[in-house]
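Examining the three-dimensional arrangement
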Amino acid sequence: MQPLTIYRDPILCRNLLERLNVALNGHSMRFMEVCGTHTVAIFQSGLRTLLPKEVTHLSGPGCPVCVTHDAEVAAFLDLAGRDGIIIATFGDLMRVPGPSGRSLKHAKAEGARIELVYSPLDALRLATENPGDTVVFLGIGFETTAPTVAATLLTAQQQRLDNFCVFSLHKLVPPVLRSLLDSAESAIDAFLLPGHVSTILGLGPYAFLAQEYHVPGVVGGFEPVDILLALCLMSEQLRDHAPAVVNAYPRAVDNAGNPRARALLEQFFEPSDALWRGIGRIPESGLALRPEYEQLDAVRRLGLCLPDVPPLPGCRCGDVLKGRITPQACPLFRKRCTPATPVGPCMVSTEGSCAAYYKYAEQ
């Protein structure tokens, strides 16, 4: 077999489904994944149609574009209107609607200097090619992408690029899991923990799930066998009243994570409060540049702030991200809100819950 073929093997999947049914023994299990890649993988593989009726899949705040707050989008648009500024951003962020319905795509059409990049290092090239302008990289995403931004900051420092800075709106996964469990609205029995983020974090930062909340957490991969194995482990922990945080993705995730990447993060960033769409402000759930890197920090250098803005009218992305509803329960879904005309960010990103439901749920 090819290396990944075994993780898609129908016989293994069938055996794991039988194991899952035995562990459930008629009891229900509501699990939440907090990774956009898991969202798409579960739909794309057809697993949702194979899972026992007792299993409910909730797609949580695991899409970087989806959790970007209205106030953050408003700050992007304000920045786009300034002279001498070139914004560097990943593509999905271009179409996220702001409070007025405008997006960075609209701002670019109106003349704002906004460039799509595939890596933070591309933004350094822009800074080198435009010495008379200030290039601002919009730093969104979780622990997976933040180390690449830290490495870019290190390179900018080494090259002494004085016209480059980062607007850091990175977010951290463990604090939002705690926030979800602290919510009175929470009805989560177990977490499918993100594989990519966990390559950086390892298992330690999730320990509180089992120790404090008695909720299982399983780090899983993205193939059908990976996901089904993770579900089996969750259900068996619940059956045995023995919650734990375990690694079911050892071919990619070390239990200790990546210490070098975390050291680089700690060199440039410190925890800060952050706004999450639909959830609000969560203490120390974001990353801000340390004061000694003021010249590389767009917030301090350009005097940026997050304005008070109203939420998008009618959009229920926040409730989707908290697991309160599925996208079909939003009155805008498949009506005003489609991938071609997104009202909220969960329909913009290919990793968003609404986009996944739109593309796969009725196929």
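Summarised in this report is the structure supplied together with it. (Residues numbered from 1 in each chain as written. Predicted model: local features only at pLDDT ≥ 70, side-chain atom pairs only at ≥ 80, totals over all residues. Heavy atoms only, no water.)

**Brief notes about the packing of helix α1 (residues 10-24) against helix α12 (residues 224-240)**
Two elements in contact, α1 and α12, have axes separated by 9 Å at closest approach and are oriented at 15°. It follows from the interaxial angle that α1 and α12 lie roughly parallel. Crossing handedness for the pair α1 and α12: left-handed. On the side of α1, the interface is formed by L12, C13, L16, L17, R19, L20, A23 and L24, while α12 contributes P224, V225, L228, L229, L231, C232, L233, S235, E236 and R239. (Axes fitted to C-alpha atoms, helices over the stretch in contact; angles between N-to-C directions. Helix = DSSP H or I, 4+ residues; strand = E, 2+ residues; numbered from the N terminus. Parallel < 35°, antiparallel > 145°, perpendicular 65-115°, else oblique. Left-handed = near helix turned anticlockwise from the far one by under 90°. Contact = heavy atoms within 4.5 Å.)

**Description of the pairing of strand β6 (residues 164-168)**
When you tally the buried positions in β6, you get five out of five residues, the bulk of the element. Along β6, one buried face is formed by F164, V166 and S168 and the opposite face, lined by C165 and F167, is buried too. Sheet analysis places strand β5 (residues 134-139) next to β6, joined by five bridges and oriented parallel. Bridge pairing links V136 to C165 in β6. (Buried < 20%, exposed > 50% of the residue type's maximum accessible area, 1.4 Å probe, protein only. Pairing = 2+ DSSP bridges.)

**A word on the sheet that holds strand β3 (residues 85-89)**
A sheet is described by the order of its strands in space; here four strands give the open sequence β4-β3-β5-β6, paired in parallel fashion. Since the sheet does not close on itself, it has two edges, and those belong to β4 (114-116) and β6, each with one partner. The average angle at which neighbouring strand axes cross in this sheet is 25°, direction not considered. Pairing between β3 and β4: three bridges, direction parallel. Opposite A88, over in β4, you have E115 as the bridge partner. Contacts from helix α8 (residues 146-159) reach β5 and β6 within the one sheet, and its direction differs from that of β6 by about 155°.

**Focus on unusual backbone geometry**
In most cases, non-glycine residues show a negative phi, while peptide bonds are predominantly trans. Of note in the backbone geometry, H214 takes a positive phi value of approximately 55° without being a glycine. In this fold, H214 is placed in the loop between α11 (208-213) and β9 (217-219). A positive phi angle, near 55°, is found at H241, a position not held by glycine. Summarising the element assignment, H241 is placed in the loop between α12 and β10 (245-247). Overall, the relative accessible area of 73% leaves H241 in the exposed class.

**Thoughts on the pattern of salt bridges**
Following the criterion strictly, the structure yields 16 salt bridges and no others. With a shortest N-O distance of 3.4 Å, E129 and R125 are connected by a salt bridge. One end of the pair is E129 and the other is R125, both in helix α7 (residues 120-129) and four residues apart, which spans about a single turn. D240 is paired through a salt bridge with R239; the nearest N and O atoms lie 2.9 Å apart. (Salt bridge = Lys/Arg side-chain N within 4 Å of Asp/Glu carboxyl O.)

**Quick look at the side chain of T89**
Assignment of secondary structure puts T89 in strand β3. The residues touching T89, leaving out its near neighbours within four places in the chain, are M94, I114, E115, L116, V117 and L138.

**Here's the deal with α1**
With 15 residues, α1 extends 21 Å between its outermost C-alpha atoms, agreeing within 8% with the 21 Å of an ideal straight helix rising 1.5 Å per residue. Along α1, the positions that sit buried rather than exposed are C13, L16, L17, L20, A23 and L24. Seen from one end, α1 has its buried residues packed into an arc of 125°, which puts them on one side. In α1, the exposed positions that point more than 90 degrees away from the buried face belong to I11 and V22. Looking at where α1 begins, the residue whose side-chain oxygen comes 3.1 Å from the main-chain nitrogen of I11 is D9. Within two residues after α1, N25 carries a phi angle of roughly 50°, on the positive side. (Expected span 1.5 Å × (residues − 1). Arc of directions from axis to C-beta. Polar contact = N/O pair within 3.5 Å; in protein donor to acceptor, adjacent residues only side chain to side chain.)

**Here we look at the packing of aromatic side chains**
Working definition: an aromatic ring pair is given by the centre-to-centre distance plus the angle between the planes. A full pass over the atoms with the stated rule returns nine aromatic pairs. Considering the side-chain rings of F76 and F167, the 5.8 Å spacing of their centres and the 90° angle between planes classify their relative orientation as edge-to-face. Here the residue F76 occupies a position in helix α5 (residues 70-80), and F167 occupies one in strand β6, the gap between them amounting to 91 residues. This pair shows no difference in class: F76 is buried, exactly as F167 is. Ring centres of F90 and F137 lie 5.5 Å apart, and the angle between their planes is 80°; on these two criteria the pair is classed as edge-to-face. (Phe/Tyr/Trp six-rings, centres within 6.5 Å; stacked < 30°, edge-to-face > 60°.)

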